[in-house]
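Okay, here's what each chain looks like letter by letter:
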Amino acid sequence: MNEHPVCIGGVLALILLQASTASAQQVVRRAPPPPARVELRVPKTVVPMELFGGRPVVSVRVNGKGPFQFALDTGVTGTVVSKELARELGLPDMGQAVAGRPGAAAPARVTVTRIDKIELGEAEISGLFAVSGDVSTVWTGNHLPQGVLNAASFPGLLVTLDYPAKRIELWRGELPAVDGRTIFEWDAEGTLPSTPLALNDLKLEVALNLGLASGIDLPERYADLLRLTSEPVAVPRTQTNTGDGESEITVATLNGVAKLGQFTMNHPQIRFIDDMAFGNIGREILQRFVVTLDSKDRRIRLESRAGRE
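Residues numbered from 1 in each chain as written. Predicted model: local features only at pLDDT ≥ 70, side-chain atom pairs only at ≥ 80, totals over all residues. Heavy atoms only, no water.

Participant: Is there a simple way to explain the nonpolar core in this structure?
Facilitator: The nonpolar side chains of soluble globular proteins are, as a tendency, buried together. F154, L161, I168, L199, L218 and F272 are the most contacted members of the largest nonpolar core, which has 59 residues in total. Broken down by element, the residue count for this core peaks at 4 residues, all from strand β10 (residues 123–133). Leaving out residues up to four positions away in the same chain, L199 has contacts with L204, I216, L218, L226, L254, V257, A258 and I270. (Core = buried A, V, L, I, M, F, W, Y, C linked by side-chain atoms within 4.5 Å. Buried < 20%, exposed > 50% of the residue type's maximum accessible area, 1.4 Å probe, protein only. Helix = DSSP H or I, 4+ residues; strand = E, 2+ residues; numbered from the N terminus. Contact = heavy atoms within 4.5 Å.)

Now the structure itself:
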């Protein structure tokens, strides 16, 4: 693929468009630079997975303070902290930037910053670039998450999201070679983890997006290419889950089978989104699996709980 999958999940996509200072310009690119150092004090650390609005959330310490709740999301390309937390911790202002927000009419203004240290269980990430901004449009309610981590926040470690057991594991190692059944490799040009998806005879590459509540989201153009049980029906904007509700969304049921490697789903519901570039698979499907991400080798493994025991 020459283009990159883009999420429609409400979280800042961190596709940074421009920056106001030289220091910020060094950070602003599609894939932010990796952290300076990642350490794991034990072979494997296991932390509880909490859910906020369905999103996986973990407790972290930032620059020795906390704990703070951070969402773990595969649908962003960098680390986000709320502007309130950045102010509380005195994080440095390295310049202003503009970040793309899928589903929004206009990009968001964010501040490029740097975190000295994030601790998650027995894992420690040092020298991590991030952006701070307003996350109030993403979450509502009490005790909101104060930031977002992504799979690339832990280069060199495997990250396992075990939805059935409600835990997250970080461990040393690498995934085995791609087999096309449970282990897949995402495109070297892509910034987000992705996997092949077959919808009847149509074969696609779709991004894995834990920030997305729905199951399968596709660009609107695919509605005419798939065999559906009925014509797509418009979804009210209040139910779109696209952040600012700017996207037009329709829903229909596939007349046939969806396949993720060896895993089969009969007659799944599909959302079609008018301004979407590439497809996404969200939590409605991913929460059925144990998902392991190897960001160093750009591989992903999907396992059923029964297959892992």
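Here the narrative resumes.
Participant: When you look at the pairing of strand β15 (residues 194–199) in this model, what are you seeing that I'm missing?
Facilitator: The side chains of a regular strand alternate, residue by residue, between the two faces of the sheet. Burial analysis of β15 places 5 of its 6 residues in the buried class, which makes it a mostly covered element. Between the end of β15 and the start of strand β16 (residues 202–208), which pair antiparallel, lie 2 residues, with N200 showing a positive phi angle near 55 degrees. The pairing of β15 with strand β20 (residues 257–260) spans 2 bridges and is classified as antiparallel. When the bridges of β20 are listed, A198 appears paired with K259. (Pairing = 2+ DSSP bridges.)

Participant: What should I look at first to understand the pattern of salt bridges in this one?
Facilitator: Two side chains of opposite charge can pair, provided their charged atoms sit close to one another. Considering all chains together, one arrives at 11 salt bridges under this definition. A salt bridge links E124 to R41, with the nearest nitrogen and oxygen atoms 3.2 Å apart. Here R41 lies in the loop between β2 (37–40) and β3 (44–48) and E124 lies in strand β10, a separation of 83 residues in the sequence. Looking at E124, the relative accessible area reads 12%, which means it is buried. Taken together, the shared-partner salt bridges connect K44, D162, R167 and E169 into one network. (Salt bridge = Lys/Arg side-chain N within 4 Å of Asp/Glu carboxyl O.)

Participant: Looking at this model, I keep getting lost on the environment of F52. Mind explaining?
Facilitator: As for its placement among the helices and strands, F52 is situated in strand β4 (residues 50–52). Exposure remark for F52: the relative accessible area of 18% places this residue in the buried category. In this structure, the C-alpha to C-alpha distance between F52 and Q69, residues 17 residues apart in sequence, is 9.7 Å.

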